[in-house]
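This is what each chain is made of:
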Amino acid sequence: MTDTGRHEPPLRLTRADLDALPNYVPGRSPADLARELGLPEAIKLASNEVPYGPLPGVVEAVAEAVAGSHRYPDMGVVALRQALAERHGVHPDRIATGCGSVALAEHLVRATCLPGDELLYSWRSFEAYPIIAATSGATSVRVPNDAGHGHDLDAMAAAVTDRTRMVLVCNPNNPTGTAVRKAELDRFLDAVGEDVLVVIDEAYREFVTDAEVPDGLTYLDRPNVVVLRTLSKAWGLAGLRIGFLVAAPEVAAAVRKVVTPFSTSMAAQAGALAALAQADEVQRRCALVVAERDRVTEALRKFVPDVPASQANFVWLPLGDRAVGFGKACEARGVIVRPFPGDGVRVTIGTPAENDAFLAAAESALA
Ligand SMILES: Cc1ncc(COP(=O)(O)O)c(C=O)c1O
């Protein structure tokens, strides 16, 4: 018999407050669902990945790099930071890399908040934010999304107190796909004191088509602005775990100080360098995703008229109490989506065939 390692009564060796914390929910395994349904394969539209595989040259670059995997990677991430700096027209001192941008968000909280300090964000937003706040000892302050499912930046500015150390602006917002525009972001930044770090999380920046949605990097003349980017989505490196931030050099240096040593692996560094050489292909893929996003949105609005316009590579169905049932109905037809109980369902844009399979499942669930 396998020793489960469990104790009765359960041991209390870790923080009691973690019991109340929701787990981060990864998308369900398509292999498991396919097995359960007796299908050759299932479709996963639950984790906001781009469906077109690794970019050309990435697999080879990673294979070459891991031939030296008995050595530690370059802790300074010099070549990659240099390449990112050139791409974005900033000094490498402004850049820090991490094990996904989610790790960088955590490092930023670690670098700014002491227990009891406030971390402010809109809600519903990226599900990692409350977990990051709680594990860092910071107090989460959540401002409800507006009626259009987006950030209410005026309400967020009004919620800043003298305990607020950091604000997260998720632009476009995961999971609703909405994006804040320049005029409202300008007004927000003017209202928030320069001693509060404003982190613009741009994990989905490459999918933005609305010219009024500003590139966070244009705000770097404000020393309290940090831009978070990831190579997991448009750049196809979700499995290698690599993200970066651009900030004032002092802020980037503080993050590099608190980062887990060597957490940007040599595979991630090599894969990212190879991916960055494929910017044209990334643009081509993003255009495919955007065209499909707009097609899927239009099709869904026949059944759910208030699907918000998305600026990301996913769409949001505000189904409220029907969210979980809708998710189950899609799974029964071999399509994994991401329900948020009582609130809505996020659906990642896949290939045209995958999207057709999803739309057929959605139609049978909603019609
Ligand atoms: C808004 C947002 N930020 C950050 C991330 C984290 O991306 P990664 O850690 O893969 O770089 C995600 C991933 O889903 C996201 O949706």
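No experiment lies behind these values; they were computed from the predicted model shown.

Engineer: Describe the pairing of strand β2 (residues 95-98), and please don't skip the residues or the numbers.
Structural biologist: Residues Ile95 and Thr97 point to one face of β2 and Ala96 and Gly98 to the other, with burial holding for every one of them. The sheet contact formed by β2 and strand β8 (residues 243-246) spans four bridges and is antiparallel. Along β8, the bridge assignment pairs Ile95 with Val246.

Engineer: Residues and numbers for the site of the ligand, please.
Structural biologist: For the ligand, the set of nearby residues contains 13 residues, the closest of which are Ser101, Asp201, Tyr204, Thr230 and Ser232. At 2.5 Å, a side-chain N or O of Thr230 approaches an oxygen atom of the ligand. Contact with the protein chains hides 95% of the accessible area of the ligand, taken as 390 Å² for the molecule alone. Residue composition of the shell around the ligand, grouped by class: five nonpolar, five polar and three charged.

Engineer: Break down the environment of Ser47 for me, citing the residues and quoting the values.
Structural biologist: Mapped onto the elements, Ser47 comes out in the loop between β1 (43-44) and α2 (58-66). Through-space distance from the C-alpha of Ser47 to that of Arg338 is 7.8 Å; in sequence the pair is 291 residues apart. Here Ser47 is in contact with Gly27, Lys233, Arg346 and Thr348, once residues within four sequence places are set aside. In this structure the side chain of Ser47 is engaged in a polar contact, spanning 3.3 Å, whose partner is the side chain of Lys44.

Engineer: Got a sec to walk through the packing of helix α10 (residues 279-301) against helix α12 (residues 352-366)? Specific residues and values, please.
Structural biologist: In the contact formed by α10 and α12, the axes pass within 11 Å of each other and the chain directions differ by 10°. Taken together, the axes of α10 and α12 are roughly parallel relative to one another. Touching Glu292, Arg295, Val296, Ala299 and Leu300 of α10 are Pro352, Asn355, Asp356, Phe358, Leu359 and Ala362, all from α12. Of the residues contributing to the contact of α10 with α12, the split by class is seven nonpolar, one polar and three charged.

Engineer: Lay out the UniProt feature "modified residue: N6-(pyridoxal phosphate)lysine" (unreviewed entry) in the protein with the relevant residues and their values.
Structural biologist: Per the UniProt record, "modified residue: N6-(pyridoxal phosphate)lysine" (unreviewed entry) is annotated on Lys233. Checked against the element boundaries, Lys233 lands in the loop between β7 (225-230) and β8. Here Lys233 is in contact with Ser47, Asn48, Val50, Ala203, Tyr204 and Phe207, once residues within four sequence places are set aside. Among the polar contacts made by the side chain of Lys233, one reaches the main-chain carbonyl oxygen of Ser47 at a distance of 3.4 Å.

Engineer: Account for the sheet that holds strand β11 (residues 338-340), naming residues and giving values.
Structural biologist: Read from one edge to the other, the open sheet built from three strands follows the order β9-β12-β11, with strand pairing classed as antiparallel. Edge positions in the sheet fall to β9 (314-317) and β11, since each of these pairs with one other strand and no more. With direction set aside, neighbouring strand axes in the sheet form an average angle of 20°. Pairing of β9 with strand β12 (residues 344-348), which is carried by four bridges, proceeds in the antiparallel orientation. In the sheet register, Val315 faces β12, and the bridge partner there is Val347.

Procedures and definitions
- Residues numbered from 1 in each chain as written.
- Predicted model: local features only at pLDDT ≥ 70, side-chain atom pairs only at ≥ 80, totals over all residues.
- Heavy atoms only, no water.
- Buried < 20%, exposed > 50% of the residue type's maximum accessible area, 1.4 Å probe, protein only.
- Helix = DSSP H or I, 4+ residues; strand = E, 2+ residues; numbered from the N terminus.
- Pairing = 2+ DSSP bridges.
- Near = heavy atom within 4 Å.
- Polar contact = N/O pair within 3.5 Å; in protein donor to acceptor, adjacent residues only side chain to side chain.
- Areas by Shrake-Rupley, 256 points an atom, 1.4 Å probe, with all protein chains shown as cover.
- Nonpolar A, V, L, I, M, F, W, Y, C, P; charged D, E, K, R; others polar.
- Contact = heavy atoms within 4.5 Å.
- Axes fitted to C-alpha atoms, helices over the stretch in contact; angles between N-to-C directions.
- Parallel < 35°, antiparallel > 145°, perpendicular 65-115°, else oblique.
- UniProt positions renumbered as here; feature names shortened; annotations may be inferred.

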